[in-house]
Each structure stands twice: as structure tokens, then as C-alpha cells.
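# Observations on the model geometry
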Amino acid sequence: MIEIEHCRDEVKKLLRRPIVLVGMMGAGKTTVGRLLATTLGWPFYDSDDEIVRNVGKSISDIFSEDGEPAFREIERTTIKHLLAAGPCVISSGGGGITIPETAQAIKDRGLCVWLDAPVQVLVDRTKGTDRPLLKHGNADDVLKNLLEKRKLAYGQAHIHVLDDGLTPQQIVSRCLLQIREYLYMHSAKNETEENTPDALCLTVTLPDRSYPIFIGSGLLKQPDLWLAHDLQGKNGFIITDYNVRERLADGLQEKLRPYMRSVTMMELPPGEQTKSFDRYQAVIEWMIDNNIKRDSVVFGVGGGVIGDLSGFAAATILRGVPFVQIPTTLLSQVDSSVGGKTGINSQSAKNMVGAFYQPRTVVIDLESLMTLPKREWLAGYAEILKYSLLGDADFFEWLEEHGSDVLDGDISALTRAVETSCHMKAEIVNQDEREESGTRALLNLGHTFGHALEAAAGYDGTLLHGEGVSIGLVLAARLSHDLGYLSAEDLTRVENHIRSVGMMSEIAQIKFKAPVTAAELLELMRMDKKADVHGLKFIILKHIGDAEIMPNVPEDVVLKILEDSLAKPDLAKSDSAKSGNGAGSLGRAGASS
Ligand SMILES: NC(=O)c1ccc[n+]([C@@H]2O[C@H](COP(=O)([O-])OP(=O)(O)OC[C@H]3O[C@@H](n4cnc5c(N)ncnc54)[C@H](O)[C@@H]3O)[C@@H](O)[C@H]2O)c1
């Protein structure tokens with residue numbers, strides 16, 4: 001007896017690319033696709049639904065207002081993006097595969113399955129539906145003619161599954177059997193090793209500005225995977241810093257040239273001081289000198305500093321031009337590149353000038369992290385840990401076991417950590433893009449403490465943003481415990497994990513240029529943007545994986561926590577925080593990052 005469960009497990013083991021269902025309207029691509037995806041435990045995507053979401057119009061309206069060629073072009077890019085999503089099931093529109101480029105992409109990157117059903121079945125299933133191609137003429141004739149025209153295209157599919165009167169569940173079983181057979185026939189080695197997906201794709205879903213986040217190794221060498229068709233052939237402006245230029249941006253510039261009309265590059269000094277009015281002005285003048293147009297594309301290639309500055313420049317030049325985020329530090333890959341916060345610092349406070357401006361695409365190349373200094377890895381890891389603490393206890397548990405693999409650059413551990421973090425950030429941004437309902441504020445876990453520490457340290461490299469967050473997470477966990485929420489056991493787990501991977505955990509580890517008191521830190525917190533008329537506001541952990549916003553936190557409790565952490569004599573000589581050079585110029589803790 002054939003066991004479908006066993007067959008399913010083998011398909012899951014052997015197939016590392018999307019299953020793409022093609023076929024006529026009414027063939028059951030959506031119903032079967034959904035069921036197949038559920039059976040495999042994989043995501044399901046309907047290319048038509050993705051188009052409606054991305055364009056903000058029904059398929060019918062796109063056809064009538066923009067015409068079929070325009071629709072096919074949107075469909076082509078949509079399917080191309082979906083094909084980068086790794087193992088999943090994609091239901092493609094009935095005519096997609098008739099476009100040679102789309103057909104080639106599906107065959108190259110997916111396993112194409114033709115769901116075939118008799119015309120009468122198709123007629124019955126499409127009765128009363130709003131299909132643009134069925135609006136004119138008798139459905140029977142239209143479907144017959146269409147099938148005749150498209151048969152050749154459908155015949156290119158790897159697998160032909162015939163629906164000769166089956167239930168959806170039966171079709172799924174048949175699909176699984178045929179797919180398994182195909183995989184055995186076509187060398188398991190090819191499927192498991194050489195064709196291992198080189199990219200994942202997540203979507204930040206916003207009303208009219210949804211965008212993909214690509215995660216993978218070697219993505220910077222393959223712009224064809226992520227550079228949307230409508231961004232190609234335009235003038236490209238790369239903004240980067242001295243550290244990133246030779247390592248990554250020069251190579252990217254070369255790879256982009258065949259796709260763009262021109263690609264110019266500006267490099268800036270690394271470091272927080274670059275997020276200034278002066279540098280912003282220099283970037284804007286450089287863009288104007290280089291004849292920037294409304295359809296030009298800005299590529300921000302670097303850490304959070306470059307991402308924030310270039311995003312703000314893209315948001316404001318000509319009232320906004322397309323922006324592609326290419327984060328190259330762990331922190332920027334898991335945090336600052338996703339969510340659309342862009343900006344610069346004022347003389348007196350961090351992130352005070354900025355705009356919400358969503359990128360068109362985020363490209364996370366994990367390979368680019370391999371040249372990152374250890375200290376920056378740890379700083380980025382603080383944000384990863386933050387996501388686990390505020391919303392995913394299982395992820396925290398996984399980090400307890402695999403955190404050191406992530407920090408050692410193990411690609412599969414890194415993929416999971418970056419993907420989970422981006423996924424959580426995307427979900428939160430989906431719910432509360434502009435930090436209005438409070439959901440997005442949860443991302444500030446550990447940041448009220450962290451921002452005050454950064455401000456006291458002077459933004460000159462003495463304390464990295466992620467290091468401030470790392471200490472802030474410990475202090476926030478202690479505060480949660482002292483206020484009666486977090487259990488002693490959970491607090492110990494948080495402290496132990498942070499110390500075990502080598503992250504900073506106490507204020508005493510910071511090499512301030514002049515002594516800092518708990519009262520001064522408290523004063524910096526009062527000036528933080530998140531402190532409002534309701535007094536000090538913190539993100540409190542109820543448990544590991546469960547956080548909430550708490551206004552009016554008693555200052556004496558906070559003060560005691562600061563005093564204790566400042567007075568950890570055993571940690572004061574730690575090497576974790578390296579002294580920076582020059583005095584910092586920003587006195588206030590500033591806005592949330
Ligand atoms: N917009 C947001 O939502 C948000 C969120 C968090 C943080 N931020 C901001 O991000 C900034 C911090 O970002 P960051 O931690 O990435 O710092 P960063 O941009 O200063 O980068 C850190 C250092 O790493 C270097 N670098 C970058 N990529 C490298 C690579 N691949 N190999 C070697 N060196 C590399 C940089 O040149 C720099 O010296 C802060 O300004 C913070 O306010 C913004």
C-alpha cells in the first residue's frame with residue numbers, strides 16, 4: 001500500500017524548491033494548492049492574490065484599466081519574486097506560463113505541475129465568477145479556445161496531473177505521488193544538494209507599499225533574483241561607507257551595471273557621526289549633481305547608519321525616489337533595514353529628524369557578514385535576542401542552544417535567526433507601521449535603558465547601539481522581575497544567556513570618559529522621547545516571550561537597578577567595551593531607532 005504520509009515526507013526531504021501549479025482557470029489551482037501546502041506544512045502563495053495586494057486593484061480592474069500586457073508583466077515579476085521563497089506551493093494565474101520569460105523562470109526555479117481538467121469541469125467551476133477573460137462570449141467556447149491555445153505552454157510542465165473527477169484531497173495525493181516519482185527519476189542529489197534554495201523571501205505587507213525581504217547567501221552577486229523589473233534600466237545611486245565600499249559595494253556596482261542605465265557611488269566615513277545634517281546635505285547635493293530623477297533608484301549599502309541616512313535622503317530628494325536597503329551588519333539585517341524608519345541625528349539628540357519611508361526591497365546577503373568584526377556581531381545579536389524575549393519563547397530556547405552557532409556565522413543557524421527576526425519585525429510593522437497603536441513600541445524592549453547609556457557614552461564608538469541594547473535587556477528583565485512580573489528563573493535564564501555568548505550585561509563594563517551616576521542616567525531617560533506625560537515608560541517582560549508596555553514605572557525602582565549595575569566591581573575591568581576616541585556631541589537620548 002502506498003502511504004501518502006511517507007510520500008509527503010520524502011517529497012519534503014527531496015524537494016528544495018517551490019511547487020508551481022499551472023493550468024486553466026477553474027482547474028483547482030488555488031483549492032488544491034492550499035491543501036497541498038497544508039499537507040506539506042509549506043507556505044502557499046496565489047500569484048493573483050499577490051498581484052492584487054501589491055497593485056491594490058482587482059485583476060479585473062488591471063485588465064480593463066491597464067490592459068493584458070501590463071498585467072502579464074506584473075505577473076511575471078510577482079512569480080519571479082515568489083520563486084525565491086524556498087519550498088512552498090505557488091498557484092500561478094492561468095495565462096502566466098504562456099509568457100516565455102515567466103515559463104522559463106518557473107521551470108528553472110520551481111517544480112512545475114500542470115493541473116489538467118476537462119473543459120466541462122472548468123465551465124462548471126467558473127460559472128458566476130468574475131474572470132476578465134470570460135466577460136465576452138460563451139464560457140464553453142472561450143475556455144475551449146483558450147485551452148487549445150495554451151496546451152503547448154502547459155505541456156512544458158515537469159509533471160502533468162489529470163483531474164479526471166477527483167476530490168481535492170485525491171488530487172493532492174496524486175500530486176504527491178507524481179512528484180515523488182519525478183524526484184526519484186531525476187537524481188535525488190540534484191534536488192538536495194546542487195539545487196538547495198539560495199534565497200528566502202518574506203513580505204512586509206502594508207496597504208499599498210508591500211515589499212519583499214530577500215534573505216540568502218550570495219544575493220549581492222545575483223541582482224536578477226531581487227531587482228524588480230521596473231527598477232531596471234534606471235540611474236542607480238549607491239551610498240556606502242569606507243569600510244563597506246571595497247568589501248561589498250564595488251562588487252555590487254559591477255553586478256548592477258548590466259541592469260541599470262548608470263550606477264554612481266558615494267562613500268562616507270563610517271560611524272554614528274555620519275548621520276548628520278552635513279552628510280545629509282552632501283548626499284543630496286551629490287544626487288543633484290548627478291542628475292537624479294524621480295525614477296532613479298537609491299541603494300543604501302552598509303550598516304544602520306548608512307541605511308538610516310540613505311533612506312532619509314531617498315525619502316526627501318524630489319519628494320521621494322525608490323530605495324533599496326542592502327544591510328551589511330547583523331544589526332541592520334535583523335532590525336534597521338526593515339520597517340521604514342529613516343533619519344539623521346540633530347546636534348542635541350539621536351534620530352530626531354526623519355521620515356517613515358518604506359524601501360522597495362530589502363536584500364539581506366548573509367555572506368556579507370563574514371567580514372564583520374566580532375564586536376558588531378554581538379551588537380546585532382542583541383536585537384535578535386530582543387525579538388525572542390518580546391514575543392517568541394521557543395525562539396529564545398533555540399537561541400540558548402544555537403546562539404553561539406549564529407555568532408560563529410553558521411549559515412543555517414544564521415538563516416533561521418535572521419529570518420525569524422525579520423519575520424517578527426515585519427509582522428509588527430504590518431500591525432503598526434507608525435508606532436500608533438503601541439504594538440511597534442514593543443520593539444523598544446531594553447531601549448529606554450540602552451538609549452540613555454548610549455547618550456551618556458557619547459555616540460563615538462565607546463558604546464555601540466547593540467551593546468546599549470544588550471545591557472538594556474538585562475536591566476529591563478531585572479525591572480520586570482522587581483515589579484513582580486518576570487520570574488526569578490526566567491531572569492536568570494536571560495542573564496545567563498547574555499553572559500554565555502559574551503554580550504555586555506552591566507553598566508560597569510562601559511568605559512565612560514567621565515564618571516556617570518545613576519541619577520544622571522535617570523535624567524537622560526526622562527528626556528527620552530518615549531517618556532511622556534505619564535512618566536517613565538518601559539517595555540516589561542511578563543515571561544520570556546511575552547512583553548507589554550508599562551507607563552508610570554516608579555523611578556526609585558529604576559534608580560536602584562541602575563545603581564546596582566553601575567556598582568558591579570567584578571565587571572568594571574571587562575574588555576568588552578573598547579574606548580572610543582573624541583568626545584560625543586549628543587547630549588540627549590533621542591528618538592527610538
Ligand atoms: N531605522 C531603524 O529602525 C533602526 C533600528 C535600529 C538601529 N538603527 C540605527 O542603526 C545604527 C547602528 O547600525 P549598525 O549597528 O549597523 O552600525 P553602523 O552602520 O555604524 O555599522 C557598524 C560598523 O560596521 C561596519 N561595517 C558594516 N558592514 C560591514 C561589513 N559587512 N564588514 C565589515 N564592516 C562592516 C561599518 O562601516 C561600521 O564601522 C544606529 O544609528 C541606530 O540608530 C536604526
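Each chain carries its own residue numbering, running from 1 in the written order of its sequence. Note on the predicted model: pLDDT of at least 70 is required for a residue's local features to be given, and 80 or more for side-chain atom pairs to be given and counted; whole-chain, interface and lining totals, by contrast, use all residues. Based on all heavy atoms of the structure, the side-chain values leave hydrogens and waters out of the count.

### Quick look at helix H12 (residues 242-256)
Elements are defined by DSSP. Helices are runs of H or I of four residues or more, strands are runs of E of two residues or more, and each kind is numbered from the N terminus. One fewer than the residue count of a helix, multiplied by 1.5 Å, yields its expected span. Over its 15 residues, H12 runs 19 Å from end to end, which matches the ideal 21 Å to within 8%, given 1.5 Å per residue. Bending is quantified residue by residue as the angle between axes fitted to the seven-residue window ending at that residue and the seven-residue window starting at it. Most pronounced at Leu-248, the bend in H12 amounts to some 50°. Relative accessibility under 20% of the residue-type maximum defines a buried residue, over 50% an exposed one, and the middle range a partly exposed one, all with a 1.4 Å probe and only protein chains included. Taken as a whole, H12 has its buried residues at Val-244, Leu-248, Ala-249, Leu-252, Gln-253 and Leu-256. Residue contacts follow a heavy-atom distance rule, with two residues in contact if any of their heavy atoms lie within 4.5 Å. Buried positions along H12 lie against helix H11 (223-226), strand S8 (235-241), strand S9 (262-268), strand S10 (297-302) and strand S11 (323-327). Any pair of nitrogen or oxygen atoms within 3.5 Å is treated as a polar contact; in protein, a donor-acceptor pairing is required on top of that, and neighbouring residues in sequence qualify only through side-chain atoms on both sides. Of the residues that open H12, the one with a side-chain oxygen 2.9 Å from the backbone nitrogen of Asn-243 is Asp-241.

### Focus: the packing of aromatic side chains
Stacked, tilted and edge-to-face pairs are distinguished by plane angle, under 30 degrees for stacked and over 60 for edge-to-face with tilted covering the rest, among Phe, Tyr and Trp rings (Trp via its six-membered ring) whose centres lie within 6.5 Å. By the definition in use, this model includes 6 aromatic pairs. Both rings, one in Trp-114 and one in Tyr-154, keep their centres 5.4 Å apart while their planes meet at 35°; by these two values the pair is tilted. With Trp-114 in strand S4 (residues 111-116) and Tyr-154 in helix H8 (residues 139-154), this residue pair connects regions lying 40 residues apart in the sequence. Look at Trp-114 and you get buried, because its relative accessible area is 6%. Taking relative accessible area as the criterion, Tyr-154 reaches 0% and is therefore assigned buried. Directly above the aromatic system of Tyr-387 lies the positively charged group of Lys-386, at a separation of 5.0 Å from the ring centroid. A ring has a charge above it when a Lys NZ or an Arg CZ is no more than 6 Å from the ring centre and no more than 35 degrees off the ring normal.

### Topic: the site of the ligand
Nearness of a residue to a molecule or strand requires only that one of the residue's heavy atoms be within 4 Å of it. Taken together, 28 residues surround the ligand, and among them Asp-241, Glu-272, Thr-328, Thr-329 and Thr-371 come closest. With respect to the ligand, the side chain of Thr-329 contributes an N or O atom lying 2.6 Å from an oxygen atom. Thr-371 places a polar side-chain atom, nitrogen or oxygen, 2.8 Å from a nitrogen atom of the ligand. Protein contact buries 93% of the 870 Å² of open area that the ligand shows by itself. Tallying contributions element by element places H12 first for the shell around the ligand, with 4 residues. Considering only residue class, the shell around the ligand consists of 7 nonpolar, 11 polar and 10 charged. Per-residue and other accessible areas follow the Shrake-Rupley method at a 1.4 Å probe size, with only the shown protein chains counted as cover for residues. Throughout this entry, Asp, Glu, Lys and Arg are counted as charged residues, while Ala, Val, Leu, Ile, Met, Phe, Trp, Tyr, Cys and Pro are counted as nonpolar. The remaining residues, Gly among them, count as polar.

### What about the side chain of Lys-275?
Here Lys-275 is to be found in the loop between S9 and helix H13 (277-289). Reaching out from Lys-275, the side chain makes a polar contact with the side chain of Asp-308 at a distance of 2.8 Å. Apart from residues no more than four positions distant in its own chain, Lys-275 is found in contact with Val-305, Asp-308, Gly-343, Ile-344, Asn-345 and Asn-351.

### With respect to the packing of helix H16 (residues 374-391) against helix H18 (residues 411-431)
To define axes, lines are fitted to C-alpha atoms, for helices over the stretch in contact only, and angles between the resulting N-to-C directions are given on a 0 to 180 degree scale. In the contact formed by H16 and H18, the axes pass within 10 Å of each other and the chain directions differ by 55°. Of the possible angle classes, the one that applies to H16 and H18 is oblique. At the point where H16 passes H18, the crossing takes the left-handed sense. In this structure, H16 contributes Trp-377, Ile-384, Tyr-387, Leu-390 and Gly-391 to the contact, and H18 contributes Leu-414, Ala-417, Ser-421, Met-424, Lys-425 and Ile-428. Across the contact of H16 with H18, the residue classes tally to 8 nonpolar, 2 polar and 1 charged. In these notes the angle categories are as follows: under 35 degrees is roughly parallel, over 145 is roughly antiparallel, 65 to 115 is roughly perpendicular, and the rest is oblique. Here a crossing is called left-handed whenever its near helix is offset anticlockwise from the far helix by less than a right angle, and right-handed whenever the offset is clockwise.

### Regarding the nonpolar core
Looking at soluble globular proteins, one finds that nonpolar side chains tend to be buried together. With 83 residues, the main nonpolar core has Val-558 and Leu-562 as its most contacted residues. Either an automatic procedure or a domain database provided the assignment from which the domain bounds are taken. Mapping this core onto the domain boundaries places at least three of its residues in each of domain 2 (199-372) and domain 3 (393-571). In this view, Leu-562 contacts Phe-449, Leu-475, Ile-507, Ala-518, Leu-521, Leu-522 and Met-525; residues no more than four positions away in its chain are not counted. By size, the runner-up hydrophobic cluster in this structure holds 54 residues, among which are Leu-115, Ala-153, Leu-176 and Tyr-182. In this text, buried Ala, Val, Leu, Ile, Met, Phe, Trp, Tyr and Cys residues form a nonpolar core when linked through side-chain atoms within 4.5 Å.

### What to know about the pairing of strand S15 (residues 538-543)
Only strands that DSSP links by at least two bridges are regarded as paired with each other. Note that S15 and strand S16 (residues 546-550) share 5 bridges and pair antiparallel. In the strand pairing of S16, Ile-539 is matched with Ile-549. In this antiparallel pair of consecutive strands, S15 and S16, the connection spans 2 residues, and Gly-545 shows a positive phi of 95°.

### Brief notes about the sheet that holds S4
Here we have 5 strands laid out as an open sheet, ordered S2-S3-S1-S4-S5, and parallel in their pairing. On the outer flanks of this sheet lie strand S2 (44-46) and strand S5 (159-162), each paired with one strand and no other. On average, each strand axis in the sheet is tilted by 25° relative to the strand beside it, whichever way the strands run. As paired strands, S4 and S5 are joined by 4 bridges and run parallel to one another. Bridge assignment links Asp-116 to a residue of S5, and that residue is Leu-162.

### Looking at the pattern of salt bridges
Salt bridge, as applied in this entry: a Lys or Arg side-chain nitrogen positioned within 4 Å of an Asp or Glu carboxyl oxygen. Tallied over the entire structure, the rule returns 32 salt bridges. Here Lys-386 and Asp-335 are joined by a salt bridge, their closest N and O atoms 3.6 Å apart. Residue Lys-386 is found in helix H16, and its partner Asp-335 is found in helix H15 (residues 330-336); the two are separated by 51 residues along the sequence. Among the residues examined, Asp-335 registers a relative accessible area of 7% and is labelled buried. In this structure, Lys-425 and Asp-335 form a salt bridge, with 2.7 Å as the shortest nitrogen-oxygen distance. One end of the pair, Lys-425, is in helix H18; the other, Asp-335, is in helix H15, with 90 residues separating them in the sequence. The network of salt bridges with shared partners includes Glu-272, Lys-275, Asp-308, Lys-350 and Glu-454.

### Observations regarding the confidence of the model for the protein chain
Close inspection of predicted coordinates is inappropriate for parts of the model with low pLDDT. In predicted models, pLDDT denotes the confidence assigned by the predictor to each residue on a 0 to 100 scale. Summary statistics for the protein chain give a mean pLDDT of 87 and a share of 89% for residues scoring 70 or more. Taken as a whole, residues 188-199 scores under 50 in pLDDT and shows 32 contacts with residues more than four places along the chain or in a different chain. Every residue in residues 572-586 scores below 50 in pLDDT, and together they form 39 contacts with partners more than four places removed in sequence or on other chains.

### Topic: the environment of Val-321
Within the secondary structure, Val-321 is located in the loop between helix H14 (304-316) and S11. Through-space distance from the C-alpha of Val-321 to that of Asp-295 is 6.2 Å; in sequence the pair is 26 residues apart. The contact partners of Val-321, leaving out residues within four places of it in the chain, are Ile-292, Lys-293, Arg-294, Ser-296, Val-298, Ala-314 and Tyr-357.

### A closer look at unusual backbone geometry
Positioned with a positive phi, Leu-318 is a non-glycine residue whose angle comes to about 50°. Looking at the element boundaries, Leu-318 is found in the loop between H14 and S11. A relative accessible area of 35% places Leu-318 in the partly exposed class. One non-glycine residue, Tyr-459, adopts positive backbone phi at about 55°. In this fold, Tyr-459 is placed in the loop between helix H19 (447-457) and helix H20 (465-482).

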